[in-house]
Amino acid sequence: MIQEGLLCKELEVLEVRPIPGSPVAHLFLEPLNLPFTPGQFVMLRPKLWEYDPLWPRPFSICDLNSEYLQIFFQVVGKGTNLLLALRPGDKVTCWGPLGQGFPVADRALLLCGGMGIAPFIALCKQHPHPERLKLLFGHRLPLEVYPWQDISDKVEKRASRQESEEELLLFEEELRESIWQYAGKGKIFACGPHPFLKVVHKYLVESKAQGYLSLENRMACGVGACLGCVARTRQGLVQTCTKGPVFKAEELEL
Amino acid sequence: MSVDLRVNLSSLNLKNPLLSASGTFGYGLEFAPYGDLKTLGGIIVKGISLKPREGNPPPRIVETPCGMLNAIGLQNIGVEKFLEEKLPLLPEETPVIVNMYAQSGEEFVELARILDKAEKVAALELNISCPNVKKGGVLFGQNPLLAAELTRAVKKVVSKPVMVKLSPNVTDIKEIALAVEEAGADVISLINTLGGMAVDIYRRKPCLKNVFGGLSGPAIKPVALKMVYEVCRVVSVPVVGIGGISKVEDVLEFMLVGASAVQVGTANFMRPDTLFRLVEELPLKMKKLGIKSFQEWIGKLEV
Ligand SMILES: Cc1cc2nc3c(=O)[nH]c(=O)nc-3n(C[C@H](O)[C@H](O)[C@H](O)COP(=O)(O)OP(=O)(O)OC[C@H]3O[C@@H](n4cnc5c(N)ncnc54)[C@H](O)[C@@H]3O)c2cc1C
Ligand SMILES: Cc1cc2nc3c(=O)[nH]c(=O)nc-3n(C[C@H](O)[C@H](O)[C@H](O)COP(=O)(O)O)c2cc1C
Ligand code: FES
């Protein structure tokens, strides 16, 4: 039960790469020399933060190799604004890889909404047979701001932009169709904002597909101690940071 | 210069004054990947009740300036599972103190009896100060008569040291401290969280499902320090200081005003190796200040 080797490390910022004209950016840190499963995350807290923000911030591992740890993030509030202001050489306290990532799947349908693309970058890069993966990406910002090109063309990928309510409804329909078509053929993984996950969850349960969802719950500790990040499951309220963030769809009550 | 970090809490001898605060350190094991649990002065585990509890519905935490609010509602696995599955995995070298929660005096006594029999439990901490539950909790801690009655009842059935944890949400904390001391508390710990709330103007809703929560973290340190100072001046049992401690300087402040040891809570969320680092940094800081042992420091504030 005790996970070995997960130290809390102080990593140097290698680069912060904002995408001009957009609220998103890439953060590159010194690598952690630890294996990881796509879907796992890290907790980040820049050394410059004294008491405010108090908590670290959770981010999916977008890529981790011998050269860097990559985070793809959207600026939404105080913490992410401060991440954007980091300079090369600044130190960031980091612990992880944390939680349960996506299970191994020979074939999978990947459903991502917005920033939910982050863990799938790593998944597509690591997969031994990217041609067996299918990816459907719903996004609000222009496609160029996302690391879309980092996903191999071998992956059967499709992006669809939603700027209006109508387009959102159409996308919902597209999600429904893809899930029903894919159910029984392989695993279905989803990551994205809560409303997106709710829709996906509904169709996964209806179609009895082998689905997995990655949740973004508010976290304080990231290690299972504070019980603040709990999700409602068939086993009651459980920690998203250690029992998730990836959960079997049928286990979850959203 | 060699530094002696040992302190005593009644009959409990600690290798250093650094304890984890209940509810912020899980069952201890969650932090094993980040440091050596054997180095800690003691581990105070999440509040345990007779039966497992699900706690309050989420959202139940929110970040506030230099602090946080929580309304966990004492989710825990229950005493049976704790004794079977968690306690055996904790190191022998570190005293384990069990924080107890119950809804009635009878339940507290029953729970205390069970825990008193567990060999590896070094002491009990009576939580009469949780603001996040409807029954029990802070109700005991806000009334000196009830607090004393409960302390007496628990003391009667246990042989291990009993530490009583006080709530700051009272008119005069000294009064409660004196009442539990008189009733036989071996140690007094304070403070638990301060009642608070946060609202979301965009949704016109409280940020916590429970509406109210308990405030903790660096934001509450000055309040905690004052209360610890006040209580230390009126009681003669050892006092354990809690509230916003995140640095060695904070540890020394609480001890200077009279605390014999401290508990570190919310700071464990700022980085999971906080306590392990404090254990390493404390003797270095003491050397710098020329403190050889805590006898020459505890309660030596010059006013
Ligand atoms: C497992 C996991 C993986 C994540 N991966 C990514 C990622 O790869 N890229 C990315 O851009 N974002 C990701 N997020 C969301 C990211 O953590 C939040 O956007 C970020 O914490 C916002 O911080 P802030 O201070 O800027 O926002 P504020 O709104 O000012 O933050 C206030 C509090 O709310 C929390 N919070 C706010 N939004 C979210 C959210 N969506 N999810 C969880 N907590 C939130 C913050 O952590 C903070 O505690 C992930 C979240 C989780 C739980
Ligand atoms: C998430 C959380 C859970 C807590 N759970 C408990 C608990 O189960 N029992 C208890 O006596 N105190 C509990 N507390 C209170 C702490 O032990 C401590 O008294 C308080 O947080 C003040 O210290 P701090 O500022 O260092 O966190 C909890 C605090 C937090 C933040
Ligand atoms: S974030 Fe603390 S238990 Fe999950």
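Above this text is the structure in question.
Residues numbered from 1 in each chain as written. Chains lettered and ligands numbered in written order. Predicted model: local features only at pLDDT ≥ 70, side-chain atom pairs only at ≥ 80, totals over all residues.

## Structural notes on the nonpolar core
Let me state the cut-off plainly: Put simply, a nonpolar core is a cluster of buried Ala, Val, Leu, Ile, Met, Phe, Trp, Tyr and Cys residues tied together by C-beta atoms within 7 Å. Three exposure classes are used, all based on how many other C-beta atoms lie within 10 Å of a residue's own C-beta (placed from the backbone): buried at 20 or more, exposed at 12 or fewer, and partly exposed between those limits. Helix and strand assignments follow DSSP, with helices taken as H or I runs no shorter than four residues and strands as E runs no shorter than two, numbered in order from the N terminus. In this entry, domain limits derive from an automatic or database-based domain assignment. C-beta atoms are first placed from the backbone for all residues, and any pair lying within 7 Å is then listed as a contact.
One finds Met 100, Ile 188, Val 228 and Val 262 of chain B to be the most contacted residues of the largest nonpolar core, which totals 183 residues. Here this core gets 7 residues from one element, more than from any other, and that element is helix 6 (residues 221-234) of chain B. Looking at which domains feed residues into this core, each of domain 1 (8-98) and domain 2 (108-251) of chain A supplies at least three. The contact partners of Val 262 of chain B, leaving out residues within four places of it in the chain, are Pro 17, Leu 18, Leu 19, Val 240, Gly 241, Ile 242, Ile 245, Val 251 and Phe 254 of chain B.

## Quick notes on the interface of chain B and chain A
Rules: Three categories are distinguished: nonpolar for Ala, Val, Leu, Ile, Met, Phe, Trp, Tyr, Cys and Pro, charged for Asp, Glu, Lys and Arg, and polar for the others, with Gly belonging to the last.
Each side of the interface is counted separately: chain B has 31 residues, and chain A has 28 residues. Among the secondary structure elements, those contributing two or more residues to the side of chain B that touches chain A are strand 5 (61-64), strand 6 (67-70) and helix 8 (267-270) of chain B. Among the residues making up the side of chain B that touches chain A, the classes are represented as 17 nonpolar, 8 polar and 6 charged.

## A closer look at the pairing of strand 10 (residues 187-190) of chain B
All names here are of chain B. Under the convention used in this document: Pairing between two strands is assigned when DSSP locates at least 2 bridges connecting them. Orienting the strands away from the viewer, one traces the path from the first strand over the helix to the second; a clockwise path indicates a right-handed crossover.
Residues Val 187 and Ser 189 of strand 10 are buried on one face, and the alternating residues Ile 188 and Leu 190, pointing to the opposite face, are buried as well. Inspection of the sheet shows strand 9 (residues 162-165) paired to strand 10 by 3 bridges, in the parallel sense. Pairing of Met 163 across the sheet is with Val 187, part of strand 10. A crossover connection joins strand 9 to the parallel strand 10 through helix 5 (residues 173-182); in handedness this β-α-β unit is right-handed. Here 3 bridges tie strand 10 to strand 15 (residues 239-242), and the two strands are oriented parallel to one another. Bridged to Ser 189 within strand 15 is Val 240.

## Structural notes on the sheet that holds strand 9 (residues 133-139) of chain A
Residues and elements named next belong to chain A. Just so we agree on the cut-off: To obtain each axis, a line is fitted to C-alpha atoms, and for helices this fit is confined to the stretch in contact; angles are then taken between N-to-C directions over 0 to 180 degrees.
Strand order across the open sheet formed by 6 strands is 10-9-8-11-12-15, with mixed pairing between neighbours. The strands lining the two open edges of the sheet, one partner per strand, are strand 10 (156-161) and strand 15 (246-248). Here the strands of the sheet are splayed against their neighbours by 15 degrees on average, with no regard to which way each runs. Relative to strand 11 (residues 187-191), strand 8 (residues 108-113) is paired through 5 bridges, and the arrangement is parallel.

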